[in-house]
Amino acid sequence: MAEIFDLKVNEFMAKVIAKNPGESEFHQAVQEVVESLFPFIEENPKYQHAKILERMVEPERVLMFRVPWLDDSGQIQINRGFRIQMNSAIGPYKGGLRFHPTVNLGILKFLAFEQVFKNSLTTLPMGGGKGGSDFDPKGKSDNEVMRFCQSFMTELQRFIGPDTDVPAGDIGVGGREIGYLYGQYKRIRNEFTGVLTGKAIEWGGSLIRPEATGYGAVYFAEEMLKTRKMDLKGKIAVVSGSGNVSQFATQKLIQMGAKVVTLSDSSGFIYDAEGIDDEKLAYILHLKNVRRGRIKEYADKYNAKYFDGQTPWGIKCDLAFPCATQNEINEDDARELVKNGCYLISEGANMPSTPEAVEVFLESKILYGPGKAANAGGVSTSGLEMTQNSMRLPWTREEVDARLHQIMVNIHETCVKYGTEKDGYINYVKGANIGGFIKVADAMIAQGVV
Ligand code: NDP
Ligand code: 2IT
């Protein structure tokens, strides 16, 4: 039986690879999903007859455009902008924008594909999309970032809208960028609408949206631990990255009594055996969000260790929260984590573990929460921001946080429902993929051949 599925997966993947050459991250994301889904689809042939998977790997629309802008010295710079409108079966396209020099079509298609399943898991009516640019915000002045955002939105605005496609932030896109993008949309379209999420609270944003991805990853970890009658208190946590997701995963872990001993950026990681406390975290928020400096400065200030050019996976821990970027944990890192006694991974980032690393986690039967489930709190709260925009009424912090928490509990339940194996082990990869698939697939069948 297993061999038959392998053959079918290989056959399916050969077509995807031939049709989307060079898009290795997209192939990786699709492969993981089809491996989970083939046995399920075999048992439910209606999905096969309707060619749902074949349709889902083809974006509904791909937009690519020129983004010219003037730098501070008056030189013309040219970047490439993208928006992948992947699937709108259950709601308007929804997903972040990434500004990073590595951005290309394959990376954004992987992110858009993941987003379809993630958004379905949230229980809210959102389709999947992703976009961004190879623009590098590092070292740019605020004015340069503003001019870039204005040029990017001048083109993107033709294709988005509150009932069509609602972008948000991702790597390199935070509150500052969303502000500039929103200002330009409003100016061109003459509309004050919920066309972006992650807005500031004074002009249509939601409380808890900045915190939501990190908080959600910790709420998901808490649910995973409960299945083994454990909690977060006193546990040692390793966190990677030091951006939006890492900052608020750290804050929630501290609140729940865990000890966070690492953070990182693309230059290296810091190890603070004493643990990061609220005061040190406030320093990190200022360092990263205001001064836009490097994590090394933390080590200098607090007398912590700094490991240049390295990732934190060799540090002994109970829990690991990869919150930086894709493929940041390889097979060796995974083995090192498990060998050192780590028994929970909750992915704040999208696809941070390579397929080989995922295999190590599943074989070791540790608690492994894949990104599309564990980091869904961000987009869930974006969905709650859209709800508040539609109502033209803001909710309190407590209201939004309670809803976010409940959504993470629901996502966990869905994973348990579809991912529990015969021996009782919860395979969250399988659970998230099947649980995310059903709603989208049924909607696609109901809507005909579109
Ligand atoms: P930020 O831009 O706020 O922070 C990104 C962090 O990751 C920085 O510390 C950055 O270091 C580090 N990083 C980025 N690229 C690399 C790389 N190639 N190698 C090593 N380190 C890297 O982004 P977010 O915190 O918003 O996003 C982090 C992850 O979480 C991404 O995978 C994103 O897709 C995912 N995510 C984000 C959500 C959100 O709501 N923001 C929601 C769900 C998932 P440096 O500054 O040196 O580049
Ligand atoms: O990967 C993600 O889920 C995000 N970057 C957040 C998307 C959103 O629309 O809030």
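The structure we're discussing is the one just above.
Not measured: the values here are computed from a predicted model.

S.K.: I would appreciate a short explanation of the side chain of Glu 223 in the present structure.
M.R.: Its location among the elements puts Glu 223 in helix 8 (residues 209–226). Among residues more than four places away in sequence, those in contact with Glu 223 are Val 409 and His 412.

S.K.: Looking at this structure, I do not really get the site of ligand 2. What am I missing?
M.R.: As a structural note, the neighbourhood of ligand 2 is formed by 14 residues, with Lys 94, Lys 118, Asp 170, Arg 209 and Ser 382 the closest of them. A distance of 3.0 Å separates an oxygen atom of ligand 2 from a polar side-chain atom of Asn 350. Against a free-state accessible area of 300 Å², the protein chains account for coverage of 95% of ligand 2. Contributions of two or more residues to the shell around ligand 2 are made by strand 3 (93–99), helix 5 (105–121) and helix 15 (377–391). For the shell around ligand 2, the per-class residue count stands at two nonpolar, seven polar and five charged.

S.K.: Any chance you could explain the pattern of salt bridges here in plain terms?
M.R.: Oppositely charged side chains can pair when the atoms bearing their charge come close. Tallied over the full model, the rule gives 26 salt bridges. The closest approach of N and O atoms between Glu 385 and Lys 199, which form a salt bridge, is 2.9 Å. Taken as a pair, Glu 385 in helix 15 and Lys 199 in the loop between helix 7 (175–189) and helix 8 lie far apart in primary sequence, 186 residues in all. Each member of the pair, Glu 385 as well as Lys 199, is classed as buried.

S.K.: Teacher, can you tell me more about the site of ligand 1 here?
M.R.: For ligand 1, the set of nearby residues contains 25 residues, the closest of which are Asp 170, Thr 213, Ser 266, Arg 294 and Asn 350. For ligand 1, an oxygen atom lies 2.5 Å from a polar atom in the side chain of Ser 266. Bound to the protein, ligand 1 loses 83% of the 890 Å² it would expose on its own. Every element with two or more residues in the shell around ligand 1 is listed here: helix 8, helix 9 (244–255) and strand 7 (259–265).

S.K.: Got a minute to help me understand a negative patch on the surface in this structure?
M.R.: On the surface, Glu 3, Asp 6, Glu 35, Glu 356, Glu 359 and Glu 363 cluster together to form a negatively charged patch. Tallying contributions element by element places helix 13 (residues 355–363) first for the negative patch, with three residues. Looking at the element boundaries, Glu 35 is found in helix 2 (residues 24–43). With relative accessibility at 45%, the residue Glu 35 sits in the partly exposed group.

S.K.: In this structure, what is going on with the sheet that holds strand 10 (residues 319–321)? I would like to understand it.
M.R.: Each strand in a sheet pairs with its neighbour through backbone hydrogen bonds, running either in the same direction (parallel) or in the opposite one (antiparallel). Read from one edge of the open sheet, seven strands run 9-8-7-6-10-11-12, paired in mixed fashion. The outermost strands of the open sheet, each flanked by one partner alone, are strand 9 (305–308) and strand 12 (367–369). Here the strands of the sheet are splayed against their neighbours by 15° on average, with no regard to which way each runs. When strand 11 (residues 344–346) meets strand 12, the two strands line up parallel, connected through three bridges. Pairing of Ser 346 across the sheet is with Gly 369, part of strand 12.

Reading the values: rules and limits
Residues numbered from 1 in each chain as written. Chains lettered and ligands numbered in written order. Predicted model: local features only at pLDDT ≥ 70, side-chain atom pairs only at ≥ 80, totals over all residues. Heavy atoms only, no water. Helix = DSSP H or I, 4+ residues; strand = E, 2+ residues; numbered from the N terminus. Contact = heavy atoms within 4.5 Å. Near = heavy atom within 4 Å. Polar contact = N/O pair within 3.5 Å; in protein donor to acceptor, adjacent residues only side chain to side chain. Areas by Shrake-Rupley, 256 points an atom, 1.4 Å probe, with all protein chains shown as cover. Nonpolar A, V, L, I, M, F, W, Y, C, P; charged D, E, K, R; others polar. Salt bridge = Lys/Arg side-chain N within 4 Å of Asp/Glu carboxyl O. Buried < 20%, exposed > 50% of the residue type's maximum accessible area, 1.4 Å probe, protein only. Patch = residues over 30% accessible without salt bridge, like charges linked within 9 Å, V, L, I, M, F, W, Y side chains within 5 Å. Lys, Arg positive; Asp, Glu negative; His and termini not counted. Charge placed at Lys NZ, Arg CZ, Asp CG, Glu CD. Pairing = 2+ DSSP bridges. Axes fitted to C-alpha atoms, helices over the stretch in contact; angles between N-to-C directions.

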